[in-house]
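Tertiary structure, described
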Amino acid sequence: MIFELLKRKIIHSNNWYNVFKDDIINTHTNMKYEYYTISFNNDSVCAVIRNKEKKILFVTAYRYPGNNLSLEIPAGSVEQNEDIIKAAIRECKEETGYNVQVNEKIFRFKPNNGVSNQNSHILFGYLKDEIQDDFDKNEVNKILWLSKEEILDKIKNNEITDGFTLAALFIYFINEGYIM
């Protein structure tokens, strides 16, 4: 390993993550650095859910840091000791009110590996039934289904900017043979 941890201080802690200030040393050059990292307590999931018309499930959610409504696929944290597939099903139910079937975990990625240890899992699934229960209106503004063409237009027009959503859609489009 090229870096060695000399000292760690917790700057902030909450139910989802810790922010650390690390004093580290490069073992090849003996240069010392201060490095700030975010350590997530749990992994996250992103669910690409398709209906019978092959449209993809999206939500719009207000995001405080950007002060905007963000167009995203259902996603969220995996709870302690929760199975990844069950987490994706739960997140979809909470955010959209729909019962979904998630087939398998497709891909794992690190959304910001320069400053965080976060792991995110992309899962694919489909709508189990058309019945929609209530959903968390404190988190989600609107629910919508978009076709592949609508999604690509929204990406081109910079209307989908969420990194988790973009990564999941990229993997989905590769899997479906739309991108080679």
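Residues numbered from 1 in each chain as written. Predicted model: local features only at pLDDT ≥ 70, side-chain atom pairs only at ≥ 80, totals over all residues. Heavy atoms only, no water.

Focus on the pairing of strand S10 (residues 142-146)
Most of S10 is tucked away: four of the five residues are buried. Bridge analysis of strand S5 (residues 56-63) against S10 gives five bridges, and the strand direction is antiparallel. Note on S10: the bridge partner recorded for Thr60 is Lys142. (Buried < 20%, exposed > 50% of the residue type's maximum accessible area, 1.4 Å probe, protein only. Helix = DSSP H or I, 4+ residues; strand = E, 2+ residues; numbered from the N terminus. Pairing = 2+ DSSP bridges.)

Comments concerning the packing of aromatic side chains
The full count for this structure, using the stated rule, is seven aromatic pairs. Aromatic pair Tyr17 and Phe40: ring centres 5.8 Å apart, planes at 50°, arrangement tilted. Within this pair, whereas Tyr17 is found in strand S2 (residues 17-26), its partner Phe40 is found in strand S3 (residues 32-40), the two being separated by 23 residues in sequence. Against the face of Phe20 rests Arg8, its NZ or CZ located 3.9 Å from the ring centre. Sitting above the plane of the Tyr178 ring, Lys148 keeps its charged end 4.2 Å from the centroid. (Phe/Tyr/Trp six-rings, centres within 6.5 Å; stacked < 30°, edge-to-face > 60°. Lys NZ or Arg CZ within 6 Å of the ring centre and 35° of its normal.)

A closer look at the environment of Lys86
Along the polypeptide, Lys86 turns up in helix H1 (residues 84-96). For Lys86, a relative accessible area of 57% corresponds to the exposed category. As for Lys86 and Leu166, which are separated by 80 residues in sequence, their C-alpha atoms are 22 Å apart.

Examining the layout of surface pockets
In this structure, the largest pocket spans a volume of roughly 930 Å³. Phe40, Arg63, Gly76, Gln118 and Phe164 are, among the 23 residues lining the largest pocket, the residues nearest its centre. At the level of secondary structure, the elements contributing two or more residues to the lining of the largest pocket comprise strand S4 (44-50), strand S6 (68-72), strand S7 (75-77) and H1. Within the lining of the largest pocket, the residues separate by chemical class into nine nonpolar, eight polar and six charged. Approximately 160 Å³ is the volume attributed to the second largest pocket. Met1, Phe3, Glu4, Leu5, Arg8, Asp22, Ile24, Tyr35 and Thr37 are the residues that line the second largest pocket. Counting only elements with at least two residues in the lining of the second largest pocket, the list comes to strand S1 (3-13), S2 and S3. Top contributing element to the lining of the second largest pocket by residue count: S1, with four residues. In terms of residue class, the lining of the second largest pocket is built from five nonpolar, one polar and three charged. (1 Å grid on protein atoms, 1.4 Å probe; cavity = no way out; pocket = protein on both sides within 12 Å on 5 of 7 lines; lining within 4 Å. Points joined across faces, edges and corners; volume = space filled by probe spheres on them. Nonpolar A, V, L, I, M, F, W, Y, C, P; charged D, E, K, R; others polar.)

Some remarks on the sheet that holds S2
Pairing in this open sheet of three strands is antiparallel, and the strands run S1-S2-S3 from one edge to the other. Both outer strands of the open sheet, S1 and S3, are each paired with one neighbouring strand and no more. When strand polarity is set aside, the average angle formed by the axes of neighbouring strands in this sheet is 25°. When S1 meets S2, the two strands line up antiparallel, connected through nine bridges. Among the inter-strand pairings, Phe3 is bridged to a residue of S2, identified as Asn26. (Axes fitted to C-alpha atoms, helices over the stretch in contact; angles between N-to-C directions.)

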